[in-house]
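Understanding the architecture of this molecule
Chain residues, written in single-letter form:
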Amino acid sequence: MANVPFKKSATSVLSGLMLLAASVSVSANERVGDFALLDHNGVYHNMSWYDNNKAVVLFVQVNGDSTSEASLQQIADIRSAYEDRGVVVMMLNPTGAARDSVQDVAKQYDDVPILIDDAQLVSEALGVARSGDVIVFNPSSFRVEYRGPAGDQLKAALDNVVAGTMTESVTLTSPGAEIVYAARDRNMSEGISYSRDVAPVLARHCADCHRDGGIGPFALDSHAMAQGWSPMIREVLMTKRMPPAQIDPHVGEFSNSYNVPFEDQQKILHWIAQGSKKDGDSDPLAELQWPETEWAFREPDLIIDLPPQEIPATGVLEYINVVVPIAGLTEDRWLKASQYIPSDRTVLHHTLNALLEPGQRPKPGLIGSFTHPDQPYITPYIPGAEPYIEDPDTGGLLKAGTALALNMHYTTNGRATVDQGRIGLWFYKDDEIPSQRKLGECACIFTNEWTDIPPNDPNFAQVKSITVGYDAYLTGFHPHMHFRGKSMVFEAHYPDGRVEKLLNIARYNYDWQVEYKLVEPKFVPAGTQIVVTGVFDNSSQNRANPDPDRQVPWGEQSWDEMFFGQVYWKAADPAVLDQLRARMSGGNRVATSP
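Reference entry: report on the structure contained in this document.

Quick notes on the rules
Residues numbered from 1 in each chain as written. Predicted model: local features only at pLDDT ≥ 70, side-chain atom pairs only at ≥ 80, totals over all residues. Heavy atoms only, no water. Axes fitted to C-alpha atoms, helices over the stretch in contact; angles between N-to-C directions. Helix = DSSP H or I, 4+ residues; strand = E, 2+ residues; numbered from the N terminus. Parallel < 35°, antiparallel > 145°, perpendicular 65-115°, else oblique. Left-handed = near helix turned anticlockwise from the far one by under 90°. Contact = heavy atoms within 4.5 Å. Nonpolar A, V, L, I, M, F, W, Y, C, P; charged D, E, K, R; others polar. Buried < 20%, exposed > 50% of the residue type's maximum accessible area, 1.4 Å probe, protein only. Pairing = 2+ DSSP bridges. 1 Å grid on protein atoms, 1.4 Å probe; cavity = no way out; pocket = protein on both sides within 12 Å on 5 of 7 lines; lining within 4 Å. Points joined across faces, edges and corners; volume = space filled by probe spheres on them. Disulfide = S-S within 2.5 Å. Salt bridge = Lys/Arg side-chain N within 4 Å of Asp/Glu carboxyl O.

1. Some remarks on the packing of helix α7 (residues 182–190) against helix α11 (residues 262–273)
When two helices pack together, their arrangement is given by the angle between the helix axes and by the axis-to-axis distance. Packing of α7 against α11 brings their axes to within 10 Å, and their N-to-C directions diverge by 50°. Considered as vectors, α7 and α11 are oriented oblique to each other. The element α7 and its partner α11 pack so that their crossing is right-handed. When α7 is examined against α11, the residues Ala183, Arg184, Asn187 and Met188 are found in contact with a partner set consisting of Gln266, Lys267 and His270. When the residues that make up the contact of α7 with α11 are grouped by side-chain class, the tally is two nonpolar, three polar and two charged.

2. Points about the pairing of strand β11 (residues 302–305)
Of the two faces of β11, only one is covered, namely that formed by Leu302 and Ile304; the face formed by Ile303 and Asp305 stays uncovered. Sheet analysis places β11 next to strand β20 (residues 422–427), joined by four bridges and oriented antiparallel. Paired with Leu302 across the two strands is Leu425, which belongs to β20.

3. Details of the layout of surface pockets
Counted as a void, the second largest pocket has a volume near 440 Å³. As for the second largest pocket, its lining consists of 24 residues, and the residues nearest its centre are Asn256, Tyr388, Ile389, Glu515 and Lys517. Going through the elements one at a time, β16 (388–389), β23 (472–480) and β26 (516–524) are the ones with two or more residues in the lining of the second largest pocket. Residue composition of the lining of the second largest pocket, grouped by class: 11 nonpolar, six polar and seven charged.

4. A few points about the state of the cysteines
If you walk through the whole model with that rule in mind, you get one disulfide. With its sulfur 1.8 Å from that of its partner, Cys442 forms a disulfide with Cys444. Its S-S torsion of about 90° marks the bond between Cys442 and Cys444 as right-handed, since a negative value means left-handed. The pair Cys442 / Cys444 is uniform in exposure class, with both members buried. Left unpaired, Cys206 is separated from the closest cysteine sulfur, that of Cys209, by 9.0 Å. With relative accessibility at 26%, the residue Cys209 sits in the partly exposed group.

5. Quick word on the pattern of salt bridges
Evaluation of the coordinates by the stated rule reveals 25 salt bridges. Glu235 serves as the salt-bridge partner of Arg241, at 3.1 Å between the closest nitrogen and oxygen. Asp344 serves as the salt-bridge partner of Arg415, at 3.1 Å between the closest nitrogen and oxygen. Here Arg415 is found in the loop between β18 (403–410) and β19 (417–419), whereas its partner Asp344 is found in the loop between β14 (333–341) and β15 (348–356), with 71 residues between them in sequence. Judged by relative accessible area, Asp344 falls into the buried class, the value being 6%.

Right, here's the structure in full:
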């Protein structure tokens, strides 16, 4: 029972007053709003996805609590009586318990999902007060229909819900230990400062896109803007929709996870609950300054001007292939960084590219093993991608006379336009030669291995693995699927039989495909298999699905599907680089990731 945030005493008057003041939990029939949590296996559950059901029943699960355990014993009866009538049953852990600590509970109840509320914000909003609580949540209206104990009262409420005769919500006092919300009580008692607590978080996680000239739809450049958009900020944090490209925070440590720390989420939502007030004479968001140049790393050493592409207003466009000489490169240079800037990002979805050294000709396809040790990496354009910079002392040699072959995917948006991209390159100094190389391979599924996705299947998985043939240090991972992509998981299967999860993209988003970089390179011995599992949602509940009734093949267009799980690493032994050079001496072309 140690270190578990609940207590067995009656609710204190102080906590009750704080709860009332916070207005972060719901009263009868108050709209909670949509929300999302990851379960005990790291699977993403968004309540609006379940809106083809009449209710989601959430049994509160608290480790080591006898009242909670007694309540959970009614799960089987509720599932048997109501699941065929449009009711989904889950558990909700409001204490942010470690996933390992609830695995046995999940197995005991046939792996019913246990949603882990790490920040306790969902449980606050739902009004979870005691370990014996059960919540009946309407995934269409986002309202609590019932809050109270398991038993006859719960069944009576569910009967009304499934019959459509629930006229008002029911709130009853449940038995069990009080759930303690330490962060809420502290934040509501001490108050949250906009200038000290909130503005720095928004500046760090939001303002880079949400600024004048940024890709966000509005600018968070003042307190007034943050206050005005505070309902939207609450919604996107509660559903994990923003920041985009979030990954499972409990798997690996990445320099670009895009996750907002739980403590910062609490501060922002509690600040909103307090009225989104401003304090102090200055406004940190209004004082932010941005570089005058659009280039990330000062002005580039060399700019590749791409040929203009005329994009019509409507229609389906074939992929465009172009070969662009890298003009102005008069000597071989070690490449350090690159950045792709389209002139109209509303129509350019992504590019692939390959480097053609003098005398080489383009070959079909631009996806392959990144195994040539001296091959430089020029970043393609990818939704949500940031400018690319190599790890310290890492790079490839860009030879004079090299050309860049591009495969460009455009989509129409209702107006004719012209896109003319530019690629900026930054080099190491003439006397700097990086000693390390970026290597890797794609766990890709192509037509010869592809299994068509069945119609109306919400959870269709495909698996591909690659083997690291020598001792290496993993550095990053890059996913690519289309509209039906749901999640992608990278695992290491070691030669000694151990299995370790490396990256869990629990909510894949076609609009945001980034290379996730490990904070510290991870050693894997020779013979390690990297197993990539991609899950597709071909159901009507996937709002981005072009046609759930279609059997989906592999294909280049977005209404078809793809599966790329790119893995990057560095060789642990420098001698491997010489072996790879000898193997690649035939001048094979090596491509970047999608």
